[in-house]
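Report on the structure
Read off the chains here:
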Amino acid sequence: MSAVPTDPDPFIQQLLNEGYELEILHQHLLVYGIPYVNAQREVCSGILAVAYTGSRQDGVAARPKNHTIWLQGELPHHAASDKPMGDVVNHSNTQNLFEGFSGNHYFSNKPNNVVPSNFYELVIHYHSLLRAEAQQIDPNADGRTGKVRPNRDPASVFHYPDTASCRSGITGLSQRLKDYRVAIIGVGGTGSYILDLMAKTSVKEIHLFDGDTFDSHNAFRSPGIATLDEVNRSENKALFFQERYQQFRKGIISHPYRVNADNLVKLDDFDFTFSCIDGGISRKLICEYLSNKGRGFIDTGIGMKLHSFDGAPDELAGACRVTACTQEKNDHLDRCLDYAPDDGNLYDSNIQVADMNALNAAMAVIRWKQVVGIYQDQERAHNLTLATSLQSLHREEYEETPWPE
(Lines give C-alpha, C1' and ligand atoms only; values in the text may rest on other atoms or scores of the structure.)
Protein backbone atom coordinates (compact mmCIF):
# COMPACT_ATOMS: atom_id res chain seq x y z
CA MET A 1 0.00 0.00 0.00
CA SER A 2 1.17 3.56 -0.55
CA ALA A 3 2.90 5.40 2.28
CA VAL A 4 -0.03 7.82 2.40
CA PRO A 5 -3.21 5.73 2.87
CA THR A 6 -6.03 6.71 0.55
CA ASP A 7 -8.66 4.74 2.48
CA PRO A 8 -10.24 6.36 5.58
CA ASP A 9 -10.85 2.98 7.26
CA PRO A 10 -9.27 3.33 10.73
CA PHE A 11 -8.79 -0.44 11.01
CA ILE A 12 -6.70 -0.52 7.83
CA GLN A 13 -4.66 2.30 9.30
CA GLN A 14 -4.28 0.32 12.52
CA LEU A 15 -2.86 -2.62 10.58
CA LEU A 16 -0.40 -0.28 8.87
CA ASN A 17 0.60 1.32 12.17
CA GLU A 18 1.41 -2.11 13.60
CA GLY A 19 3.69 -2.90 10.68
CA TYR A 20 1.58 -5.15 8.47
CA GLU A 21 2.59 -5.09 4.80
CA LEU A 22 -0.64 -4.22 3.01
CA GLU A 23 -1.94 -3.53 -0.44
CA ILE A 24 -5.46 -2.81 -1.68
CA LEU A 25 -5.74 -4.06 -5.24
CA HIS A 26 -8.82 -4.70 -7.40
CA GLN A 27 -11.15 -4.41 -4.39
CA HIS A 28 -9.11 -6.94 -2.39
CA LEU A 29 -7.05 -6.44 0.75
CA LEU A 30 -3.72 -8.26 0.45
CA VAL A 31 -1.50 -8.85 3.49
CA TYR A 32 2.05 -9.91 2.60
CA GLY A 33 4.78 -11.66 4.58
CA ILE A 34 2.49 -13.92 6.62
CA PRO A 35 4.61 -16.73 8.13
CA TYR A 36 3.39 -20.34 8.10
CA VAL A 37 4.82 -23.86 8.21
CA ASN A 38 4.75 -26.10 5.13
CA ALA A 39 4.79 -29.91 4.87
CA GLN A 40 8.61 -29.98 5.17
CA ARG A 41 8.49 -28.00 8.47
CA GLU A 42 9.93 -24.96 6.73
CA VAL A 43 8.83 -21.47 7.66
CA CYS A 44 7.41 -19.87 4.51
CA SER A 45 5.93 -16.49 3.64
CA GLY A 46 2.39 -16.25 2.22
CA ILE A 47 -0.20 -13.66 1.30
CA LEU A 48 -3.61 -13.35 2.92
CA ALA A 49 -6.34 -12.04 0.58
CA VAL A 50 -9.93 -10.99 1.24
CA ALA A 51 -12.55 -9.03 -0.69
CA TYR A 52 -12.49 -5.43 0.48
CA THR A 53 -15.05 -2.84 -0.59
CA GLY A 54 -13.66 0.16 1.29
CA SER A 55 -15.27 2.44 3.82
CA ARG A 56 -18.69 3.91 3.21
CA GLN A 57 -18.99 7.49 2.06
CA ASP A 58 -20.35 8.44 5.48
CA GLY A 59 -17.07 7.30 7.05
CA VAL A 60 -18.33 4.04 8.54
CA ALA A 61 -15.57 1.42 8.37
CA ALA A 62 -16.01 -1.56 6.07
CA ARG A 63 -17.01 -4.88 7.60
CA PRO A 64 -15.84 -8.29 6.34
CA LYS A 65 -18.49 -10.29 4.54
CA ASN A 66 -17.82 -13.20 6.90
CA HIS A 67 -14.96 -14.86 8.80
CA THR A 68 -13.18 -16.41 5.79
CA ILE A 69 -9.97 -15.43 4.00
CA TRP A 70 -7.64 -16.84 1.31
CA LEU A 71 -3.95 -17.75 1.54
CA GLN A 72 -1.66 -17.70 -1.46
CA GLY A 73 1.08 -20.20 -0.69
CA GLU A 74 1.59 -23.83 0.24
CA LEU A 75 -0.73 -25.81 2.47
CA PRO A 76 -0.03 -24.70 6.07
CA HIS A 77 0.81 -27.39 8.62
CA HIS A 78 1.06 -27.73 12.40
CA ALA A 79 4.70 -27.55 13.48
CA ALA A 80 4.52 -30.29 16.11
CA SER A 81 2.39 -32.94 14.37
CA ASP A 82 3.39 -32.30 10.73
CA LYS A 83 -0.33 -32.46 9.89
CA PRO A 84 -2.23 -29.91 7.77
CA MET A 85 -4.09 -27.22 9.68
CA GLY A 86 -7.49 -28.78 9.06
CA ASP A 87 -9.02 -26.62 11.77
CA VAL A 88 -8.22 -23.56 9.64
CA VAL A 89 -8.23 -24.73 6.01
CA ASN A 90 -11.72 -25.25 4.62
CA HIS A 91 -10.52 -26.36 1.17
CA SER A 92 -7.54 -26.04 -1.16
CA ASN A 93 -9.27 -25.44 -4.48
CA THR A 94 -7.29 -22.66 -6.13
CA GLN A 95 -9.45 -19.72 -7.23
CA ASN A 96 -8.55 -16.78 -9.45
CA LEU A 97 -9.50 -13.77 -7.33
CA PHE A 98 -8.46 -11.23 -9.95
CA GLU A 99 -6.11 -11.05 -12.91
CA GLY A 100 -2.64 -12.13 -11.85
CA PHE A 101 -3.60 -13.31 -8.37
CA SER A 102 -5.00 -16.62 -7.13
CA GLY A 103 -5.87 -17.86 -3.68
CA ASN A 104 -4.67 -21.40 -3.00
CA HIS A 105 -6.25 -22.24 0.36
CA TYR A 106 -9.59 -21.05 1.69
CA PHE A 107 -9.55 -20.45 5.45
CA SER A 108 -12.62 -20.71 7.65
CA ASN A 109 -12.01 -20.42 11.39
CA LYS A 110 -14.42 -18.30 13.39
CA PRO A 111 -12.77 -16.74 16.48
CA ASN A 112 -14.90 -17.44 19.56
CA ASN A 113 -17.70 -18.36 17.14
CA VAL A 114 -18.11 -14.66 16.26
CA VAL A 115 -17.66 -13.05 12.85
CA PRO A 116 -14.94 -10.36 13.02
CA SER A 117 -16.48 -6.89 13.03
CA ASN A 118 -13.65 -5.27 11.06
CA PHE A 119 -10.67 -6.14 8.89
CA TYR A 120 -8.17 -5.61 11.69
CA GLU A 121 -9.77 -8.39 13.74
CA LEU A 122 -9.96 -10.66 10.69
CA VAL A 123 -6.31 -10.25 9.71
CA ILE A 124 -4.79 -10.57 13.17
CA HIS A 125 -6.87 -13.69 13.87
CA TYR A 126 -5.43 -15.64 10.96
CA HIS A 127 -1.98 -14.13 11.35
CA SER A 128 -1.93 -15.26 14.98
CA LEU A 129 -2.93 -18.83 14.09
CA LEU A 130 -0.25 -19.17 11.41
CA ARG A 131 2.46 -17.31 13.32
CA ALA A 132 2.00 -19.50 16.40
CA GLU A 133 2.99 -22.56 14.36
CA ALA A 134 5.86 -20.77 12.58
CA GLN A 135 7.38 -19.48 15.84
CA GLN A 136 7.78 -23.04 17.12
CA ILE A 137 10.47 -23.36 14.44
CA ASP A 138 11.62 -19.76 14.12
CA PRO A 139 10.89 -17.63 17.22
CA ASN A 140 11.37 -14.46 15.15
CA ALA A 141 8.71 -15.33 12.56
CA ASP A 142 6.25 -12.45 12.31
CA GLY A 143 4.07 -11.00 9.56
CA ARG A 144 4.52 -7.44 10.79
CA THR A 145 7.39 -6.68 8.45
CA GLY A 146 7.07 -2.90 8.58
CA LYS A 147 7.48 -2.72 4.80
CA VAL A 148 5.47 -0.25 2.73
CA ARG A 149 4.30 -1.40 -0.68
CA PRO A 150 3.80 0.94 -3.65
CA ASN A 151 0.23 1.64 -4.71
CA ARG A 152 -0.06 -0.25 -8.02
CA ASP A 153 -3.85 -0.47 -8.37
CA PRO A 154 -4.44 0.58 -11.97
CA ALA A 155 -6.77 3.46 -12.63
CA SER A 156 -10.30 2.10 -12.84
CA VAL A 157 -12.74 3.27 -15.50
CA PHE A 158 -15.28 3.78 -12.73
CA HIS A 159 -15.49 6.85 -10.53
CA TYR A 160 -16.28 4.63 -7.55
CA PRO A 161 -15.38 0.97 -6.94
CA ASP A 162 -17.23 -2.04 -8.31
CA THR A 163 -17.86 -3.74 -4.98
CA ALA A 164 -20.25 -6.41 -6.28
CA SER A 165 -17.67 -8.28 -8.36
CA CYS A 166 -15.27 -8.83 -5.48
CA ARG A 167 -18.08 -9.82 -3.13
CA SER A 168 -19.24 -12.51 -5.56
CA GLY A 169 -15.74 -13.61 -6.56
CA ILE A 170 -15.97 -12.70 -10.27
CA THR A 171 -13.41 -9.89 -10.39
CA GLY A 172 -11.22 -12.05 -12.64
CA LEU A 173 -14.06 -12.52 -15.11
CA SER A 174 -14.87 -8.82 -15.13
CA GLN A 175 -11.23 -7.93 -15.81
CA ARG A 176 -11.21 -9.87 -19.06
CA LEU A 177 -13.00 -6.91 -20.62
CA LYS A 178 -10.64 -4.18 -19.45
CA ASP A 179 -8.83 -3.71 -22.79
CA TYR A 180 -11.91 -3.80 -25.03
CA ARG A 181 -12.86 -0.83 -27.17
CA VAL A 182 -16.45 -1.08 -28.37
CA ALA A 183 -18.65 1.06 -30.61
CA ILE A 184 -22.40 1.62 -30.52
CA ILE A 185 -23.91 2.96 -33.74
CA GLY A 186 -27.23 4.63 -32.96
CA VAL A 187 -28.08 5.53 -29.35
CA GLY A 188 -31.66 6.74 -29.68
CA GLY A 189 -33.44 3.63 -28.41
CA THR A 190 -31.93 0.15 -28.14
CA GLY A 191 -28.44 1.60 -28.41
CA SER A 192 -28.97 3.76 -25.34
CA TYR A 193 -29.85 0.68 -23.28
CA ILE A 194 -26.79 -1.13 -24.64
CA LEU A 195 -24.75 1.86 -23.49
CA ASP A 196 -26.34 1.63 -20.05
CA LEU A 197 -25.39 -2.05 -19.74
CA MET A 198 -21.94 -1.72 -21.28
CA ALA A 199 -21.10 1.28 -19.09
CA LYS A 200 -21.34 -1.05 -16.08
CA THR A 201 -18.67 -3.36 -17.46
CA SER A 202 -14.93 -2.74 -17.25
CA VAL A 203 -14.42 -2.17 -21.00
CA LYS A 204 -11.80 0.48 -21.65
CA GLU A 205 -13.74 2.64 -24.10
CA ILE A 206 -17.31 2.94 -25.39
CA HIS A 207 -17.67 5.01 -28.56
CA LEU A 208 -21.07 6.48 -29.45
CA PHE A 209 -21.97 7.23 -33.07
CA ASP A 210 -25.15 9.20 -33.82
CA GLY A 211 -25.87 12.22 -35.98
CA ASP A 212 -29.39 12.99 -34.71
CA THR A 213 -30.61 15.16 -31.86
CA PHE A 214 -32.06 13.95 -28.57
CA ASP A 215 -35.77 14.71 -28.82
CA SER A 216 -38.87 13.96 -26.75
CA HIS A 217 -39.47 10.54 -28.32
CA ASN A 218 -35.92 9.53 -27.34
CA ALA A 219 -36.66 10.47 -23.74
CA PHE A 220 -39.45 7.88 -23.74
CA ARG A 221 -37.33 5.10 -25.21
CA SER A 222 -34.03 5.40 -23.29
CA PRO A 223 -32.97 4.53 -19.72
CA GLY A 224 -33.43 6.98 -16.88
CA ILE A 225 -35.24 10.27 -17.25
CA ALA A 226 -34.55 13.48 -19.12
CA THR A 227 -35.73 16.87 -17.93
CA LEU A 228 -37.82 19.15 -20.13
CA ASP A 229 -34.86 21.54 -20.38
CA GLU A 230 -32.64 18.69 -21.63
CA VAL A 231 -35.20 17.72 -24.26
CA ASN A 232 -35.59 21.32 -25.41
CA ARG A 233 -31.82 21.66 -25.88
CA SER A 234 -32.09 19.34 -28.92
CA GLU A 235 -28.52 18.25 -28.27
CA ASN A 236 -26.80 15.62 -30.38
CA LYS A 237 -27.57 12.16 -28.96
CA ALA A 238 -23.96 11.02 -28.76
CA LEU A 239 -22.98 14.18 -26.87
CA PHE A 240 -26.03 13.94 -24.62
CA PHE A 241 -25.29 10.40 -23.49
CA GLN A 242 -21.56 11.04 -23.19
CA GLU A 243 -22.27 13.85 -20.74
CA ARG A 244 -24.69 11.69 -18.78
CA TYR A 245 -22.55 8.56 -18.46
CA GLN A 246 -19.17 10.17 -17.97
CA GLN A 247 -20.45 11.11 -14.51
CA PHE A 248 -20.33 7.38 -13.75
CA ARG A 249 -17.18 6.27 -15.54
CA LYS A 250 -14.37 7.21 -17.90
CA GLY A 251 -13.94 6.13 -21.50
CA ILE A 252 -17.26 7.37 -22.98
CA ILE A 253 -16.37 8.97 -26.32
CA SER A 254 -18.87 10.68 -28.62
CA HIS A 255 -18.86 10.84 -32.42
CA PRO A 256 -21.72 13.25 -33.24
CA TYR A 257 -22.26 12.22 -36.85
CA ARG A 258 -23.85 9.48 -38.93
CA VAL A 259 -21.77 6.52 -40.04
CA ASN A 260 -21.69 6.51 -43.83
CA ALA A 261 -19.49 5.41 -46.72
CA ASP A 262 -17.11 8.31 -46.13
CA ASN A 263 -16.26 7.43 -42.52
CA LEU A 264 -16.67 3.65 -42.29
CA VAL A 265 -12.93 3.39 -41.72
CA LYS A 266 -13.54 4.82 -38.23
CA LEU A 267 -14.95 1.40 -37.27
CA ASP A 268 -11.65 -0.37 -37.95
CA ASP A 269 -10.25 0.45 -34.52
CA PHE A 270 -12.84 -1.32 -32.38
CA ASP A 271 -12.82 -4.81 -30.91
CA PHE A 272 -16.59 -5.07 -31.27
CA THR A 273 -19.46 -3.01 -32.66
CA PHE A 274 -23.17 -2.85 -31.87
CA SER A 275 -25.32 -1.69 -34.78
CA CYS A 276 -28.63 -0.24 -33.57
CA ILE A 277 -30.06 1.57 -36.58
CA ASP A 278 -33.41 1.39 -38.36
CA GLY A 279 -32.57 2.04 -42.01
CA GLY A 280 -31.95 -1.01 -44.16
CA ILE A 281 -29.57 0.76 -46.52
CA SER A 282 -27.29 1.95 -43.70
CA ARG A 283 -27.53 -1.47 -42.04
CA LYS A 284 -26.32 -3.17 -45.22
CA LEU A 285 -23.46 -0.70 -45.64
CA ILE A 286 -22.22 -1.07 -42.06
CA CYS A 287 -22.72 -4.81 -41.63
CA GLU A 288 -21.13 -5.76 -44.93
CA TYR A 289 -18.16 -3.51 -44.23
CA LEU A 290 -17.55 -4.99 -40.80
CA SER A 291 -18.02 -8.52 -42.07
CA ASN A 292 -15.56 -8.02 -44.93
CA LYS A 293 -13.05 -6.61 -42.46
CA GLY A 294 -13.43 -9.64 -40.21
CA ARG A 295 -14.70 -7.50 -37.35
CA GLY A 296 -17.08 -8.90 -34.76
CA PHE A 297 -20.41 -7.13 -34.38
CA ILE A 298 -24.05 -7.52 -33.39
CA ASP A 299 -26.95 -5.99 -35.31
CA THR A 300 -30.20 -5.44 -33.44
CA GLY A 301 -33.75 -5.00 -34.66
CA ILE A 302 -37.31 -4.61 -33.39
CA GLY A 303 -40.44 -5.43 -35.34
CA MET A 304 -43.88 -4.19 -34.24
CA LYS A 305 -47.35 -4.70 -35.74
CA LEU A 306 -50.79 -3.57 -34.60
CA HIS A 307 -53.39 -6.32 -34.74
CA SER A 308 -57.06 -5.38 -34.90
CA PHE A 309 -59.83 -7.88 -34.29
CA ASP A 310 -63.56 -7.36 -34.59
CA GLY A 311 -65.06 -6.69 -31.19
CA ALA A 312 -61.71 -6.81 -29.39
CA PRO A 313 -59.22 -4.12 -28.35
CA ASP A 314 -56.21 -3.61 -30.58
CA GLU A 315 -53.05 -5.45 -29.56
CA LEU A 316 -49.37 -5.05 -30.39
CA ALA A 317 -47.28 -7.97 -31.59
CA GLY A 318 -43.54 -7.54 -31.38
CA ALA A 319 -40.25 -9.30 -31.88
CA CYS A 320 -36.66 -8.54 -30.94
CA ARG A 321 -33.81 -9.76 -33.14
CA VAL A 322 -30.11 -10.07 -32.37
CA THR A 323 -27.76 -11.12 -35.16
CA ALA A 324 -24.12 -11.78 -34.30
CA CYS A 325 -21.27 -11.87 -36.77
CA THR A 326 -17.92 -13.35 -35.72
CA GLN A 327 -14.77 -14.62 -37.38
CA GLU A 328 -16.16 -18.13 -36.91
CA LYS A 329 -19.42 -17.40 -38.75
CA ASN A 330 -20.32 -14.55 -41.11
CA ASP A 331 -22.16 -16.18 -44.01
CA HIS A 332 -25.68 -15.66 -42.68
CA LEU A 333 -26.20 -11.90 -42.91
CA ASP A 334 -28.23 -11.86 -46.13
CA ARG A 335 -30.54 -14.51 -44.69
CA CYS A 336 -31.11 -12.72 -41.40
CA LEU A 337 -30.96 -8.97 -42.03
CA ASP A 338 -33.56 -6.82 -43.76
CA TYR A 339 -31.87 -4.31 -46.03
CA ALA A 340 -35.10 -2.78 -47.41
CA PRO A 341 -35.25 1.02 -47.00
CA ASP A 342 -38.78 0.89 -45.52
CA ASP A 343 -40.77 -2.25 -44.74
CA GLY A 344 -43.72 -0.63 -42.97
CA ASN A 345 -42.47 -1.61 -39.52
CA LEU A 346 -44.59 0.18 -36.91
CA TYR A 347 -41.47 0.61 -34.77
CA ASP A 348 -40.05 3.06 -37.31
CA SER A 349 -42.83 5.53 -36.43
CA ASN A 350 -41.12 6.21 -33.07
CA ILE A 351 -43.65 4.12 -31.17
CA GLN A 352 -42.82 4.18 -27.47
CA VAL A 353 -41.90 0.64 -26.44
CA ALA A 354 -38.99 1.17 -24.06
CA ASP A 355 -39.45 -2.34 -22.70
CA MET A 356 -38.73 -3.76 -26.15
CA ASN A 357 -35.66 -1.54 -26.46
CA ALA A 358 -34.40 -2.72 -23.08
CA LEU A 359 -35.11 -6.36 -23.96
CA ASN A 360 -33.35 -6.08 -27.31
CA ALA A 361 -30.35 -4.44 -25.66
CA ALA A 362 -30.13 -7.10 -22.93
CA MET A 363 -30.23 -9.85 -25.57
CA ALA A 364 -27.44 -8.12 -27.49
CA VAL A 365 -25.15 -7.59 -24.49
CA ILE A 366 -25.69 -11.13 -23.20
CA ARG A 367 -24.86 -12.48 -26.66
CA TRP A 368 -21.71 -10.33 -26.74
CA LYS A 369 -20.67 -11.64 -23.34
CA GLN A 370 -21.04 -15.14 -24.76
CA VAL A 371 -18.84 -14.23 -27.73
CA VAL A 372 -16.08 -12.91 -25.45
CA GLY A 373 -16.31 -15.87 -23.08
CA ILE A 374 -18.02 -14.38 -20.03
CA TYR A 375 -21.30 -16.30 -20.29
CA GLN A 376 -21.45 -19.93 -21.28
CA ASP A 377 -22.68 -20.52 -24.84
CA GLN A 378 -23.65 -24.12 -25.54
CA GLU A 379 -25.33 -23.63 -28.93
CA ARG A 380 -23.46 -20.69 -30.52
CA ALA A 381 -26.51 -19.53 -32.44
CA HIS A 382 -25.79 -16.38 -34.43
CA ASN A 383 -29.39 -15.26 -34.97
CA LEU A 384 -31.86 -14.95 -32.10
CA THR A 385 -35.47 -13.78 -32.33
CA LEU A 386 -37.76 -13.37 -29.34
CA ALA A 387 -41.51 -13.10 -30.09
CA THR A 388 -43.48 -11.35 -27.36
CA SER A 389 -46.80 -12.99 -28.28
CA LEU A 390 -45.37 -16.43 -27.50
CA GLN A 391 -42.57 -15.44 -25.10
CA SER A 392 -40.40 -17.77 -27.16
CA LEU A 393 -36.80 -17.48 -28.31
CA HIS A 394 -36.01 -18.85 -31.77
CA ARG A 395 -32.35 -19.72 -32.38
CA GLU A 396 -30.72 -20.38 -35.73
CA GLU A 397 -27.51 -19.99 -37.74
CA TYR A 398 -25.19 -22.12 -35.64
CA GLU A 399 -21.45 -22.41 -35.90
CA GLU A 400 -20.30 -25.57 -37.62
CA THR A 401 -17.82 -26.24 -34.80
CA PRO A 402 -19.73 -28.28 -32.21
CA TRP A 403 -19.70 -27.49 -28.53
CA PRO A 404 -16.96 -29.59 -26.86
CA GLU A 405 -18.26 -32.49 -24.79
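Our structure's up above, just so we're on the same page.
Since the structure is predicted, the reported quantities are computational estimates derived from the model, not experimental observations. (Residues numbered from 1 in each chain as written. Predicted model: local features only at pLDDT ≥ 70, side-chain atom pairs only at ≥ 80, totals over all residues. Heavy atoms only, no water.)

**Quick word on the overall build of the protein chain**
For clarity, the threshold we go by: Each helix corresponds to a stretch of at least 4 residues labelled H or I by DSSP, and each strand to a stretch of at least 2 residues labelled E; elements are numbered beginning at the N terminus. Three labels apply to residues, based on accessible area from a 1.4 Å probe with only protein chains included: buried if under 20% of the type maximum, exposed if over 50%, partly exposed otherwise in between. Residue contacts follow a heavy-atom distance rule, with two residues in contact if any of their heavy atoms lie within 4.5 Å. For accessible areas, the Shrake-Rupley method is used with a probe of radius 1.4 Å. Any residue's cover is judged against the shown protein chains and nothing else.
For the protein chain, the count of helices and strands is 11 helices and 16 strands. Here the protein chain holds 405 residues, and the buried ones make up 48% of them. Within the protein chain, residue pairs in contact and separated by at least 24 positions form 65% of the contacts whose partners lie at least 6 positions apart. Carbon and sulfur atoms make up 49% of the accessible area of the protein chain, which amounts to about 19,800 Å² in all.

**Points about the pattern of salt bridges**
Stated precisely, the cut-off is as follows: Counted as salt bridges are all cases of a side-chain nitrogen of Lys or Arg within 4 Å of a carboxyl oxygen of Asp or Glu.
With the rule as written, the count across this model stands at 23 salt bridges. We note a salt bridge from E243 to R233, for which the minimum N-O separation is 3.7 Å. One end of the pair, E243, is in helix α8 (residues 237–245); the other, R233, is in the loop between α7 (228–232) and α8, with 10 residues separating them in the sequence. Among the residues examined, R233 registers a relative accessible area of 43% and is labelled partly exposed. Within this structure, K329, D331, R335 and E397 form a network of salt bridges that share partners.

**With respect to the sheet that holds strand β4 (residues 68–72)**
Cut-off, in case you're wondering: Two strands are counted as paired when DSSP detects at least two bridges linking them. Fitted lines through C-alpha atoms give the axes, limited to the stretch in contact for helices. The angle between two N-to-C directions lies from 0 to 180 degrees.
Taken in spatial order, the six strands line up as β1-β2-β3-β4-β8-β5 in an open sheet, and their pairing is antiparallel. Looking at which strands have only one partner, the edges of the open sheet turn out to be β1 (21–25) and β5 (89–91). Between one strand axis and the next, the sheet turns through 40 degrees on average, direction left out of account. Inspection of the sheet shows strand β3 (residues 43–51) paired to β4 by three bridges, in the antiparallel sense. Residue I47 lies in a different strand from β4, and its bridge partner there is Q72. Relative to the sheet, helix α2 (residues 119–134) contacts β2 (28–37), β3, β4 and β8 (105–108), its axis offset from that of β2 by approximately 15 degrees.

**Some remarks on the environment of N66**
What counts here: Distance and chemistry together define a polar contact, namely a pair of N or O atoms within 3.5 Å, with one atom able to donate a hydrogen and the other to accept it when in protein, and with adjacent residues in sequence counting only for side-chain atoms on both sides.
With respect to the secondary-structure elements, N66 resides in the loop between β3 and β4. With a relative accessible area of 25%, N66 lands in the partly exposed category. Sequence spacing of N66 and L122 is 56 residues, and the spatial spacing of their C-alpha atoms is 9.1 Å. In this structure N66 touches V115 and L122, once residues within four positions along its chain are discounted. Separated by 2.5 Å, the side chains of N66 and T68 make a polar contact.

**Re the nonpolar core**
Selection criterion: Put simply, a nonpolar core is a bunch of buried Ala, Val, Leu, Ile, Met, Phe, Trp, Tyr and Cys residues held in one set by side-chain atoms that sit within 4.5 Å of each other.
Within the largest apolar cluster, 41 residues are counted, with the highest numbers of intra-cluster contacts made by I184, I194, M198, I206, L208, F274 and W368. The element that contributes the greatest number of residues to this core is helix α11 (residues 354–371), accounting for six residues. With residues up to four places along the chain from it excluded, the contact list for W368 reads L177, Y180, V182, M198, V203, F272, F274 and I298.

**As for the packing of helix α5 (residues 190–198) against α11**
To keep it simple, the criterion reads: Our angle categories are set so that under 35 degrees counts as roughly parallel, over 145 as roughly antiparallel, 65 to 115 as roughly perpendicular, and the remainder as oblique. Whether a crossing is left-handed or right-handed is set by the direction in which the near helix is turned from the far one by less than a right angle, anticlockwise for left-handed and clockwise for right-handed.
The geometry of α5 relative to α11 is characterised by a closest axis approach of 8 Å and an angle of 50 degrees between their N-to-C directions. Our classification of the angle between α5 and α11 gives oblique. Considering the relative orientation of α5 and α11, their crossing is right-handed. On α11, the residues that touch T190, Y193, I194, L197 and M198 of α5 are A354, N357, A358, N360, A361, A362, A364, V365 and W368.

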